[in-house]
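Coordinates in review
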Amino acid sequence: MKAVTWQGKRDVRVEDVPDPTIQEPTDAVIRVTSTGLCGSDLHLYEVLTAFMTPGDILGHEPMGIVQEVGAGVPDLAAGDRVVVPFQIACGSCWLCMTGLPTQCETTQVTSEGMGAALFGYTRLYGAVPGAQAEYLRVPQAQFGPIKVPEGPPDDRFVYLSDVLPTAWQAVAYADVPQGGSVAVLGLGPIGDMACRIAQLRGAGRVFGVDLVGERLRRARSRGVETYDLRSFDNEKELVQAIRDETDGRGPDAVIDAVGTEAHGSAAAKLAQQASSLLPRKIGGPFAERFSVDRLAAFHTAIELVRRGGTISLSGVYGGMADPLPMLTMFDKQIQLRMGQANVRRWSDEIIPYLTDEDPLGVDDFATHRLPLSEAPHAYEMFQRKREGAVKVLMTP
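To keep things clear, this report deals only with the structure shown in the data block. Every chain's residues receive numbers from 1 upward, in the order its sequence appears when written. Selection of residues for local features in this predicted model requires a pLDDT of at least 70, selection of side-chain atom pairs for listing and counting requires 80 or more, and totals for whole chains, interfaces and linings are taken over all residues. Only hydrogens and water are set aside; all other atoms, that is, all heavy atoms of the structure, feed into the side-chain values.

Here helix α1 (residues 39-46) crosses helix α12 (residues 375-383) at 100 degrees, and the two axes come no closer than 10 Å. By the criterion of interaxial angle, the relationship of α1 to α12 is roughly perpendicular. Together, G39, D41, L42, Y45 and E46 of α1 and Y379, E380, F382 and Q383 of α12 make up the contact between the two elements. For the contact of α1 with α12, the residue count by class is four nonpolar, two polar and three charged. The angle between two axes is taken between their N-to-C directions and runs from 0 to 180 degrees, where each axis is a line fitted to C-alpha atoms and a helix contributes only its stretch in contact. Where helices and strands are cited, they refer to DSSP runs of H or I of at least four residues and of E of at least two residues respectively, numbered from the N terminus. In this scheme, roughly parallel covers angles under 35 degrees and roughly antiparallel covers those over 145, while 65 to 115 is roughly perpendicular and the rest are oblique. Working rule for contacts: check all heavy atoms of both residues, and any pair within 4.5 Å makes them a contact. Classification convention: Asp, Glu, Lys, Arg as charged; Ala, Val, Leu, Ile, Met, Phe, Trp, Tyr, Cys, Pro as nonpolar; all other residues, Gly among them, as polar.

In this section: the pattern of salt bridges. The working definition used for a salt bridge is a side-chain nitrogen of Lys or Arg within 4 Å of a carboxyl oxygen of Asp or Glu. Inspection of the entire model under this criterion finds 23 salt bridges. Among the ionic pairs, D16 bridges to K2, the shortest N-O distance being 3.1 Å. Placement of D16 in strand β2 (residues 11-16) and of K2 in strand β1 (residues 2-8) is noted, with a sequence separation of 14 residues between them. Three exposure classes are used, based on accessible area relative to the maximum for each residue type with a 1.4 Å probe and protein chains only: buried under 20%, partly exposed in between, and exposed over 50%. On the basis of relative accessibility, which here comes to 58%, the residue D16 falls in the exposed class. Judged by relative accessible area, K2 falls into the partly exposed class, the value being 38%. One salt-bridge network, in which partners are shared between bridges, spans R156, D356 and D363.

This part takes up helix α5 (residues 213-220). Considered for burial, the residues of α5 that qualify are G213, R215, L216, R218 and A219. In this fold, the buried residues of α5 make contact with α4 (189-200), β10 (205-210), β11 (225-228) and α12.

Now the structure itself:
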């Protein structure tokens, strides 16, 4: 089959790889009909290269048609249409039962000290072959796949794999009071969708911050009060502008949907680039102990949120030696929540909104739809924020 493989920093290729097969009774194999390109994939493309191996199959946002199921998968059959969550979880361990499938005790990558295995996301998360491919082996298929109805196009449901639950959890963790205010830093796919969900869940005012014109226009068209980073000389001016709209206090909550590759962190960017250039045998251990994030967005969130407010981190962070302003965080009594989205915890709440009325705008959420063969172009376009790329779907 054809699959998108990682070969090195900024080097992805579509190659022929072996077709997946059933290996365990709880496996299924699906034929992928749509697969997303995620901002998290760009971290592998640019920053987290020390944890990658040439030939790794990328991608974690698939949906498709079941081709085959193992004997331990009673509720799926060939021909079922399913969305596959990006994490692999059993659904029956203690942590899964408490609503934390990202920490699944059955699939935890204990050798790396990490949580549940993820599709297509480095050796830290199990080096499981990913979903930017024609076919996908789905472990723990007795729990993971979400059945969806025939009829509507893939765009209606494919975001259940990641975008929708990640943005939903970001808003839930932000704990925005009814009629309250929230600022979303970064208006890529997750930040854009988080704005929409915050509005749906009753936020009174939603502020969106970015520096890409197309992303700002998209958010503004849906009633978000947008702020272009390029219009401010420094962080303090931006913070003051939003404080002026919130009685001088700042918003009740801030969602950081940017993560480790934030603009404005020159020293950390240099450190990230240096570690990615080291030989893999050195770069991996170095990154595990001394890696740092570009924290400009997080620092802005700390400064911006009102005293006693909440910061919700949905952007991926991977640093192990990050300096944080603990004095400010403690003094402001900031509440902080974060983590990979627990897809199956939220999916049943989200599905009722995936209707013909389309309140979340999923049907036209994608800006680009490309064949899988154009994946290298898709990665470069998305990473460089060219051609108005906000969300890319690929079709094998």
